[in-house]
Amino acid sequence: MKKISILFVALIGLFSASCDKDFEEVNTTPNNPVAVPAHLMLGNIVRINQNVIYGMQQGGDMGMCWAQHVSKVQYNDEERYIPRRGAIDAIWGTLYASVISDAKSMYTLAEAEGNTNIMGISLVLQANAFQILTDLYGPVPFTEACVSGNLKPAYDSQEVVYTGILSMLTQAETLLASGTGVVPASSDLVYAGDASKWRKFANSLKFKALMRISKAPGQSVSAQLQALVNAGQLFSSNDDSAQLIYLPAQPDSNPIYETVIFGTRSEYKVTSVLIAGNYNPTSNPNGFKGLTVLNDDRKAVYAQKNTSGAYVGNIPGVENPGSYGAFSSLGTKYLDPTLPGVILSNAQVQFLLAEAANEGYITGGVTAAQTYYFRGITANYEFNGIGGLAAAYTAQVSLGFATQVGGRQKIAEQSWIALFGQGFEAWTEYRRTGFPVLSAVTNAAPGVTVVPTRLYFDSTEVSLNKANYTAAAATLSGGDVLTSRLWWMN
Amino acid sequence: MRSKFKWIFTLLIALSMQLSFAQEKTVTGVVSDGSGPLPGANVVVQGSKAGTQTDVDGKYSIKAKAGDVLVFSFVGMTNTTAKVGASNTLNVKMQDGVKLEEVVVGALGVKRKEKAVGYAAQSIKGSTLTEARESNLVNALSGRVAGVQVTNSSGAVGASSRIVLRGNSSITGNNQALFVVDGVPFDNTSYGNSDSGGGRDLPNGAASISPDDIESMTVLKGPNAAALYGIRASNGVIIITTKSGKGKKSLSVASFNSNITFSDPLVIPDFQNSYGQGATSDFFQFVDGGGNGYNDGVDESWGPALDRGLSFVQWDSFKVGGAPLPWISHPNNVKDFYETGVAITNNLSLSAGNEDANFRMSIGNSKETGMVPFTDFKKFNVTMNGNIKLGEKLSSGVSLMYMNDKSDNLPIAGYNNENAAQQFIWSARNVNFTDLKDWRNLPLAAVGTAAEGTPLNWNTNFQNNPYWVLETNTNTYNRDRVTGSTFLTYQFNSAFSATGKVMLDHYSQLTTGRQAIGTNSAPDGSYGENSLRYSEINSEIIMSYKKQLNSDFNLSLNIGANQMKRIRTQTYGSIPGLELPNFYSLSNIKTGTVATVGNQYVETRIGSVLGFGQLSYKDYIFVDFSGRNDWASVLPVENNSFFYPAVSGSVVLSEILGLKDTKINYLKIRGGWSKVGGTGALGAYNLNNVYGLTNNGWGNQASTPNTQYNPNLKPESVVGTEFGFDLNGFNNRLRVAATYYTKVSSDLLVPIQVSASSGYTSVWDNVANMENKGIELQLGVTVLKAKDFSFDVDLNFAKNRNEVTSLGVLDSYVLGGQWGATIEARPGNAYGDIVGRGFEKDPSGNIIYVNGMPKIESTKKVLGNITPDWTGGASFNVRYKDFDFSTLIDAKVGGDVHSMTYAWGRYAGVLEETLIGRETGVVGNGVMSDGAGGFVANNVVVGAKAFNQTSYGNTIEESAIFDATYIKLRSLSLGYSLPKKWLKGTFVEDFKFSLVARNVAILFKNAPHIDPETGFSSANGEQGQEFGQIPSARSYGFNINVKF
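Thresholds, definitions, all that
- Residues numbered from 1 in each chain as written.
- Chains lettered and ligands numbered in written order.
- Predicted model: local features only at pLDDT ≥ 70, side-chain atom pairs only at ≥ 80, totals over all residues.
- Contact = placed C-beta atoms within 7 Å.
- Helix = DSSP H or I, 4+ residues; strand = E, 2+ residues; numbered from the N terminus.
- Nonpolar A, V, L, I, M, F, W, Y, C, P; charged D, E, K, R; others polar.
- Pairing = 2+ DSSP bridges.
- Axes fitted to C-alpha atoms, helices over the stretch in contact; angles between N-to-C directions.
- Buried ≥ 20, exposed ≤ 12 C-beta atoms within 10 Å, placed from the backbone.
- Arc of directions from axis to C-beta.
- pLDDT = per-residue confidence, 0-100.
- Domains from an automatic or database assignment.

## Some points on the interface of chain B and chain A
In step 1: With 71 residues of chain B in contact, the opposing surface of chain A contributes 68 residues.
In step 2: Elements that contribute at least two residues to the side of chain B that touches chain A include exactly strand E25 (475–491), strand E26 (496–515), strand E27 (526–548), strand E28 (553–575), strand E29 (596–617), strand E33 (692–696) and strand E34 (699–703) of chain B.
In step 3: Among the residues forming the side of chain B that touches chain A, the class breakdown is 29 nonpolar, 38 polar and 4 charged.

Written as structure tokens, this is what we have:
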């Protein structure tokens, strides 16, 4: 009997650990850190941002195809303006929940560390992401976005968003101008820890934002643009360009490579518009003449020859599924795993300066405009590895301009050429300037007669944030459709 | 094994010799029941092998000696014993009603007389599991038990199955029943990673259990029955009792079972055989299969017409020096791809026992080869259990199961180019796929194509050679599992006892996945390993008190405590590219790439105290009550203690009203109320606010989680109420049971999706409520019962109405989906809405066409729901002399399925429906604008390809949603037992040979081309969807069972 009692006491002992005394400890994860230094978040924010913008389902199927740089010879629904909602949702979800939200966390961590450089960098990245969002969708949550405790943020008008973006960039300039704190090179995938370059980026991005809204109702951007030029903190060489250099091996290589080469989607071709233009003396007298006519050396960089040894682009919207080989694939540079994912290039800043001068927003007039314009072309030739050919190219009489009107189209067209590979930015600048003159693709989705002007809102917003979604959609000219006008559109 | 048989044999011979020396006489008599002589009753001498059966007149004759006890048994009757006295005549009257004394195994393994049970419980005998057997035990429950819904994911070896009792009760919890084997909670997780986008399905945990070891399975369908499992009870419980040596009076039984079955596909899509590969029908020329010929890179069949004397250069023209080959159809090209699967299962068991101890052990193995080439699954198990009286008051027992499951290759399913079925949909109807099998002797795919360097395939753009993929890109699985328990019971006195029990469920598993260089989705190849260890230990102590209060009242009371500790650790590594080809090791990482490595440690605990008891009055009124308090570690400490009460009762009206001698043999009414809990998908550490770390080519990077933690959570709760009755009549030849229940789930935990603009994509909260209401009916009829012939019919029916009553702030919660379709929970609807885009329709419901093409709505809406209207089963059992025949028909009626096989099959021009209008064009069935605001019949002719590619595919879901109803002939078995008299004098006691078949036919379905019983895995969000289904298996074969 005694033995038995001992046995039972032992069994009861199994329960001696009281029921919840150490449950809090049990339920504390050993798998994840509860604190990290601010800089450790920087690389991820840039990487995630670029991956979604350059993802072929996003920047390719919509950006590149809608800018009519690229066309698919098969499976071209998106090109014909029937986009995948999931691909659109991915941009919204990623930029808010992973880029902006993390950038805000990084700001808070940096503030606690007293690292004003990283605080400034955080604001630059937030401004960049918000600008992408508002340029793609129109009105978007800004003031209430990523604010703890608010699960249904209200949308702000584009005007409010842009005001916010400009203010963030002004603040970033202040922080970075007298920045303190180390930005470890290993965490800074853009400038390897050079805070002075981030400062230039902040100012150049502000210049871009101002130019984007330059023709929006009630905007007067001239003074701010001139101030930026005067301050001398804009990009001035390709070394200043903000870009993520992708790595040779997937999954850290350029998304274009990952889809087209690694994922073997060889239906992506360059367009006939890019190669041969869409100019027609009668039906499209202001049309684009094409790289061939322009004697543009970038043709051989942007495109490969087809199986017959010629540069042949696919007509946007037309399927040619039987014969992939008859059309020119993207050039090897653009299919390279290490192709940089550009955030903002020196070339684009030069073209924006050219436009600003041409429009009289900054001093210098048409002459200065042409100078900036040639700088932009040269910078882009250099980016494409053919800098030595730029002088001969720009020496062509047909390329220069002497009037504001002539300059307007040429600057915009050269900017569009230079933005090859930057699908969304090329499409956005087209939407702003109206150049090159593009028409809706052949076989466009029923009811779509023009190149889309925006993306649908995230498809989950209608259920997750209904009231705010409905209110925002009501502010759009045609509601939440692809062809509603954006505020800054020309 | 052979030596053991010899030993048994020798023993048996020795035993029979001993008997022959005894003083014997011949005892004769008549066995009768209430209605007269009983033919076919078994008569045995207790403790010996000697036995006989009564003849047509109920007469028997047996050799026995005075003092022997004769045991009379007959199906449906209570066993009767009689002592042989001086007389040589012994007449016996047997009583109906084994049923009345049937024992139900309840929660915590507590055994109860059937009449004392206040809830619906249904059991399945082990013998129904072993003949027409399923390799996944869960499938054997399909159609057998009212209110059980089983979904077998696919016909792939190692496929998982889902089992839901009385409808889904949680939004995010797995909704599947808790498995308990001999008191040990048995983890039923499936660790597969298959979903709509591909991946490999792995079997659910319970699939490891060998059916040969199962004595019975009892389904505790609702919270009432399961209440004693507290926070783990919300989805019901399946109690498995394994066979033991209990009740055996000597080294009585050795049993050997052998089962061999062959399987082939039950359903294959109906393909067209009139047009071959191509996007255009004018011409075809294969150059490299990657688009450099004409139509050769296309994976669709809108190409030139077949069997019309055309010849083109094709993928296999290399065999004839590049010359054109006849452009002809191969109608069986898909069917021929699948091989005949073979499954061989053997099991040997020994059991023995006496009054003080018993023991059983068994050893079994099975080897299965799949219909998908180069896939297999093997199982090996050893089971043993024993109980012993250690003294007057102390008894103890131990049980142990070891299981090894192993596969050298499990197929990839879903939308993935390693799923061979995908290239039968994105396909060329002119290709004879079996010609690709000899891949070692095929040329390599051309340089510059996606498949470069791998064996040639008809398409090198999107696909690899399917045989090469299956043989090279293997996915292995190996799991060792040990479960067991040991207990000690001390009977202090006749009223008071105490039991301590320790239970263990432990497994470790390793899965690996290989992709060779040149694989379409992994051009650099890849290799990954995932090693996982799991253990759950439950320690339990229960004190019991039983007392007859007076002549009318009996009371039992139990109090106890349980502590559960579960630890799962995982270590994984994968490399995104191979340096050396065909060498699969984590060290073989491609230079410049970064391996993914990680580990996880997850610990959860539940502490519990519990009490339960029963008060009965005169053995016909019973009241059960129980309470359990759980403390769960996954919940916030200040909010982690919860009490779960239950009460139920039964009244045996037939005894109260003295109906015993009427047509009504038995009538019981029962009812109960209970509250149980659950934690949904909330796991350990979900309350922690942490950062994530990702190591990539740039270095280590930190990020914030997209799911916001919430420190104010509580467990889900489910309140169950049920009422019902059981009625037996006409000498138990009619058996009816009916139950009505409600199950109200509230505070359901959901990581609610929130607008990403909040900075999070989801936030944990107790927001949702759900209700299930339903009825379950069982009807059994013994149509005929005679000496040589009996015929039994058993029907079951269950209708469950599920409604998501609230989702809090949410309008919908997305569970899963494929392409444009999502599976969602939406308030006001049943769980599992299929949401997608529909056709625009006129007020009369006709599809509106514009220029001959249907208009598609831009806003998504509910197009269907995966929940069935009702489920049912019908089994028929016929016995004629030594033959028995049984069959099971299983029905699931209602519910919908979204089939991307159909959508892409029409888009790609491979299904037979795509022949319509190939030459003449198609006029869509619907209306078009009359230009004046009204509608007229559509009359615009459009090309068949354009029509199919607009009306089907990934931009419109409505056209690919079908009624998922099926009625299946689930099993057939025809058995023959050698007559006992033939076996007399041999060491064989029973010998039975059966012809068996499973999933024989789909008697009715509405969904074309597929088996509507399908899922990408057993998970919530993977139900009601289909693409590239690995065909379900029709299997047939035989079973041999020998008892010694």
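## Section: the sheet that holds strand E6 (residues 69–73) of chain B
The pairing of strands in a sheet comes from backbone hydrogen bonds and takes either a parallel or an antiparallel form.
All names here are of chain B.
In step 1: Pairing in this open sheet of 4 strands is antiparallel, and the strands run E4-E3-E6-E7 from one edge to the other. Of all strands in the sheet, those bounded by a partner on one side alone are strand E4 (51–53) and strand E7 (80–83). For this sheet, the mean inter-axis angle between neighbouring strands, taken without regard to orientation, is 20°.
In step 2: Note that strand E3 (residues 42–45) and E4 share 3 bridges and pair antiparallel. Bridge pairing links Val 43 to Thr 52 in E4.

## Remarks on unusual backbone geometry
In step 1: For the bond from Gln 250 of chain A to Pro 251 of chain A, the omega torsion is 5°, close enough to zero to count as cis.
In step 2: Among the secondary structure elements, Pro 251 of chain A is positioned in the loop between strand E4 (242–244) and helix H10 (255–262).
In step 3: Phe 435 of chain A connects to Pro 436 of chain A through a cis peptide bond whose omega is -10°.
In step 4: One can find Pro 436 of chain A in the loop between helix H17 (423–433) and helix H18 (461–464).
In step 5: Not every positive phi belongs to a glycine, and Asn 175 of chain B is a case in point at roughly 65°.
In step 6: Summarising the element assignment, Asn 175 of chain B is placed in the loop between strand E13 (161–165) and strand E14 (178–181).
In step 7: Of note, Asp 307 of chain B is a non-glycine position whose phi angle comes to about 60°, a positive value.
In step 8: With respect to the helices and strands, the residue Asp 307 of chain B is situated in the loop between strand E18 (253–265) and strand E19 (311–312).

## What to know about helix H19 (residues 466–474) of chain A
Residues and elements named next belong to chain A.
In step 1: Three or more residues of H19 are buried, namely Tyr 469, Ala 472 and Ala 473. Along the long axis of H19, the arc covered by the buried residues comes to 100°, so they all point the same way. H19 presents Ala 467 and Ala 474 as exposed residues on the side facing more than 90 degrees away from its buried surface.

## Some remarks on the confidence of the model for chain A
In step 1: Looking at chain A, the pLDDT average stands at 94 and 96% of residues meet or exceed 70.
In step 2: Confidence over residues 16–20 of chain A falls short of pLDDT 50; this stretch has 7 contacts with residues more than four positions distant or in other chains.

## Concerning the domain arrangement of chain B
In step 1: In terms of domains, chain B is made up of domain 1 (2–95), domain 2 (103–108 + 115–265 + 341–415 + 474–523 + 538–632 + 644–832 + 867–895 + 964–1043) and domain 3 (275–329 + 433–461).
In step 2: Computed from C-alpha coordinates alone, the two centres of domain 2 of chain B and domain 3 of chain B are separated by 47 Å.

## Points about the sheet that holds strand E48 (residues 896–899) of chain B
All names here are of chain B.
In step 1: What the 3 strands build is an open sheet, ordered E53-E48-E56; its pairing is mixed. Each of the sheet's edge strands pairs with one partner strand only, and the pair in question is strand E53 (961–963) and strand E56 (1025–1026).
In step 2: By the bridge criterion, 3 bridges tie E48 to E53 in an arrangement that is antiparallel. Directly across from Asp 896, in E53, lies its bridge partner Asp 963.
In step 3: The strands touched by helix H7 (residues 900–907) are E48 and E56; relative to E48, the strand with the most contacts, the crossing angle is about 35°.

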